[in-house]
Amino acid sequence: MLIAVTTDTPVLNSLISQNFGRCAFFILFNEDKNSTEIIQNPYAKMMGVGAGIQLARLLIDKKADLVITNRMGAGPFRLLLSANVEVYQCTELTALKAVELLVKNELPALDMPSVTAGSKFRKRYFKNQSDKQSG
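Bear in mind that the values here come from a model prediction, so they are computed numbers and not experimental data.

Reading the values: the criteria
Residues numbered from 1 in each chain as written. Predicted model: local features only at pLDDT ≥ 70, side-chain atom pairs only at ≥ 80, totals over all residues. Heavy atoms only, no water. Helix = DSSP H or I, 4+ residues; strand = E, 2+ residues; numbered from the N terminus. pLDDT = per-residue confidence, 0-100. Contact = heavy atoms within 4.5 Å. Patch = residues over 30% accessible without salt bridge, like charges linked within 9 Å, V, L, I, M, F, W, Y side chains within 5 Å. Areas by Shrake-Rupley, 256 points an atom, 1.4 Å probe, with all protein chains shown as cover. Salt bridge = Lys/Arg side-chain N within 4 Å of Asp/Glu carboxyl O. Buried < 20%, exposed > 50% of the residue type's maximum accessible area, 1.4 Å probe, protein only. Pairing = 2+ DSSP bridges. Axes fitted to C-alpha atoms, helices over the stretch in contact; angles between N-to-C directions. Arc of directions from axis to C-beta. Lys, Arg positive; Asp, Glu negative; His and termini not counted. Charge placed at Lys NZ, Arg CZ, Asp CG, Glu CD.

### Examining unusual backbone geometry
Backbone phi values are negative for most residues with the exception of glycine, while trans is the configuration of most peptide bonds. At Lys63, a residue that is not glycine, the phi angle is positive and equals roughly 70°. Turning to its location among the elements, Lys63 is positioned in the loop between helix H1 (51-61) and strand S4 (66-69). In the Ramachandran plot, Glu92 falls in the positive-phi region, its phi being about 55° despite a non-glycine side chain. As for its position among the elements, Glu92 is in the loop between strand S5 (86-89) and helix H3 (95-103).

If you want it as structure tokens, here you go:
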């Protein structure tokens, strides 16, 4: 089983990253081979939107079975689920501790996106549209 954990520093005892698509690194824990690989997220500093979807595609290409993260938007969440990659949520723990809890079945599965992509922009857009209609 290949477990991907999002982090912001390239060490095994790094805290789980606050954001999926903009995490600086992800750690791949390969339970079958009892090995780890730390990879820099090539989409962390990508301009605009879509970093989460790109990272989800990369993890699917790497054959990840599970993802542990803090927050995830709807796009990458749906993409991972469509590829049969399970998503688990973890906050304020290290990558190693999160994997330990996952193995013990003590980590909650993420059953819906935890971030609505562009919600600030959407609210601002609709607010401006109502202002135009009333004025």
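### A few points about the confidence of the model for the protein
Mean pLDDT over the protein works out to 86, with 84% of the residues at or above the 70 mark. Low pLDDT (under 50) marks residues 119-135, which in the prediction has two contacts with non-local residues, meaning those over four places away or in another chain.

### Looking at a nonpolar patch on the surface
Together, Leu12, Ile38 and Leu96 make up a nonpolar patch on the protein surface, roughly 200 Å² of accessible area in all. Its relative accessible area of 34% is what places Ile38 among the partly exposed residues.

### Points about the sheet that holds S5
One open sheet holds the five strands; their spatial order is S3-S2-S1-S4-S5, and the pairing between them is mixed. Looking along the sheet, the strands with just one partner apiece sit at the ends: strand S3 (35-40) and S5. Direction aside, the axes of adjacent strands within the sheet are offset by 20° on average. Of the pairings in the sheet, the one linking strand S1 (residues 2-7) to strand S2 (residues 25-30) comprises six bridges and is antiparallel in character.

### Some details on H3
Buried residues of H3: Ala95, Ala98, Val99, Leu101 and Leu102, and no others. Along the axis of H3, the buried positions cluster into a sector of 160°, meaning they face one direction only. As for H3, its buried residues are in contact with S1, S2, S4 and S5. Just past H3, the residue Asn105 takes up positive phi, approximately 60°.

### Focus on a negative patch on the surface
Together, Glu31, Asp32, Asp65 and Glu86 make up a region of like negative charge exposed at the surface. Mapped onto the elements of the fold, Glu86 is located in strand S5. On the basis of relative accessible area, Glu86 is assigned to the partly exposed category, the value being 42%.

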